[in-house]
Amino acid sequence: MNTDTKRVVVVTGGSRGIGRAIGLRMADAGTKIYLNYSGDSQDAEEAARLIEDTGGTACAIRASVASRQEVQGFFNKIVQECGRVDVLVNNAGITIDGLLVRMKEDDWDRVLAINLKGAFYCMQAVAKTMMKQRSGRIINMASVVGVMGNAGQANYVASKAGLIGLTKTVAKELAPRGITVNAVAPGFIDTSMTADLPEKVKEAMLAQIPLRRIGQPEDVAEAVAFLASEGASYITGQVIHVNGGMYM
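Note that this is a predicted model, so its numbers are computed, not measured. (Residues numbered from 1 in each chain as written. Predicted model: local features only at pLDDT ≥ 70, side-chain atom pairs only at ≥ 80, totals over all residues. Heavy atoms only, no water.)

Q: In this structure, what is going on with the packing of aromatic side chains? I would like to understand it.
A: To describe a pair of aromatic rings, one takes the distance between the centres and the angle between the planes. Scanning the entire structure with this criterion turns up two aromatic pairs. With a centroid separation of 5.1 Å and an interplanar angle of 75°, the aromatic rings of F74 and F75 are classed as edge-to-face. Across the pair, F75 and F74 agree in class, each one buried. Each ring, one from F120 and one from Y121, has its centre 5.7 Å from the other, and the planes form 40°; the classification is tilted. (Phe/Tyr/Trp six-rings, centres within 6.5 Å; stacked < 30°, edge-to-face > 60°. Buried < 20%, exposed > 50% of the residue type's maximum accessible area, 1.4 Å probe, protein only.)

Q: Would you explain empty space enclosed by the protein in this entry?
A: To find leftover empty space, a probe the size of one water molecule is rolled over the atoms. What the rule picks out here adds up to one cavity of 30 Å³ or more. Lining the largest cavity are T12, V65, N90, A92, I114, N115, G118, A119 and C122. In terms of residue count, the dominant contributor to the lining of the largest cavity is helix α4 (residues 105-133) (five residues). (1 Å grid on protein atoms, 1.4 Å probe; cavity = no way out; pocket = protein on both sides within 12 Å on 5 of 7 lines; lining within 4 Å. Points joined across faces, edges and corners; volume = space filled by probe spheres on them. Helix = DSSP H or I, 4+ residues; strand = E, 2+ residues; numbered from the N terminus.)

Q: I tried to follow the packing of α4 against helix α6 (residues 154-174) on my own but got confused; where do I start?
A: Helix-helix packing is described using two parameters, namely the angle between the two axes and the distance between the axes. Two elements in contact, α4 and α6, have axes whose closest approach is 8 Å; the angle formed by their N-to-C orientations is 15°. What the angle tells us is that α4 and α6 run roughly parallel. Once α4 is placed against α6, the crossing between them reads as right-handed. Each of D107, W108, V111, L112, N115, L116, A119, F120, M123 and M131 in α4 lies in contact with α6, whose residues at this interface are A154, N155, Y156, A158, S159, K160, G162, L163, L166, V170 and L174. Its residues assigned to classes, the contact of α4 with α6 comprises 15 nonpolar, four polar and two charged. (Axes fitted to C-alpha atoms, helices over the stretch in contact; angles between N-to-C directions. Parallel < 35°, antiparallel > 145°, perpendicular 65-115°, else oblique. Left-handed = near helix turned anticlockwise from the far one by under 90°. Contact = heavy atoms within 4.5 Å. Nonpolar A, V, L, I, M, F, W, Y, C, P; charged D, E, K, R; others polar.)

Q: Please explain helix α1 (residues 17-26) as it appears in this structure.
A: Each α-helix turn comprises 3.6 residues. Residues three or four places apart therefore point the same way. With respect to burial, α1 is a largely interior element, seven of its 10 residues being buried. Among the residues of α1, those classed as buried are I18, G19, R20, A21, I22, G23 and M26.

Q: Would you explain the sheet that holds strand β7 (residues 239-242) in this entry?
A: Each strand in a sheet pairs with its neighbour through backbone hydrogen bonds, running either in the same direction (parallel) or in the opposite one (antiparallel). Pairing is parallel across the open sheet formed by seven strands, whose spatial order is β3-β2-β1-β4-β5-β6-β7. Because the sheet does not close on itself, it has two edges, and the strands there are β3 (57-62) and β7. The sheet shows a mean angle of 20° between the axes of neighbouring strands, direction not considered. As paired elements, strand β5 (residues 136-141) and strand β6 (residues 179-186) share six bridges and run parallel to each other. Following the sheet pairing, G136 is matched in β6 by I179. The sheet strands contacting helix α3 (residues 68-82) are β1 (7-11), β2 (31-37), β3 and β4 (87-90), and the helix crosses β2 at an angle near 165°. Against the sheet, helix α9 (residues 217-227) touches β4, β5, β6 and β7, its axis set at about 165° to β6. (Pairing = 2+ DSSP bridges.)

Rendered as structure tokens:
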């Protein structure tokens, strides 16, 4: 067990985009960042190297958040190595878009399994450790569409709306042990998930943003870093919107 580490941070879906930005923002000499990923190991290893270059310590571990067994094994490894988990960021998520009348049941199930059930598995796996510590920060990655709705994304919207409700419930359950649970709801952010959208769709979304710019992963990472800090110790059960005014 490594007793030199002052803070242990876990970021699911940490190999690219918002997850990578969060890992980089929270890296420092006394922090060990565990990046969970399920895809290409090259992206995850690159993210870990970038964190190491900033003076932090990082470890990339493949595990599917949709599997209770893999999630438990992932957290067991972390606790064995470090003895604690201070921050959990549930960032792993996917989209498989389609209109309600055409949506396949498998597409519904896959999105809910990763985006919502995955966060449930991770929170359940880390809760006992944080309760023993009598401290911890859990930050769940929601979305602006989880409060606004969005045509063609019934499964994704349902997963993010459900995650907001789950955040508020778990916040109430864990508050007596000094654990805060909050959500960050990004708007239109420049990631690989939005890069594939048609230009007309991007233009339409940009027109809805009062600040007239697309958000960057670093904008979201700043909000997450604040919620994970001591300065946010009296904030729990909240949804922090990072959307340039797209939803108020």
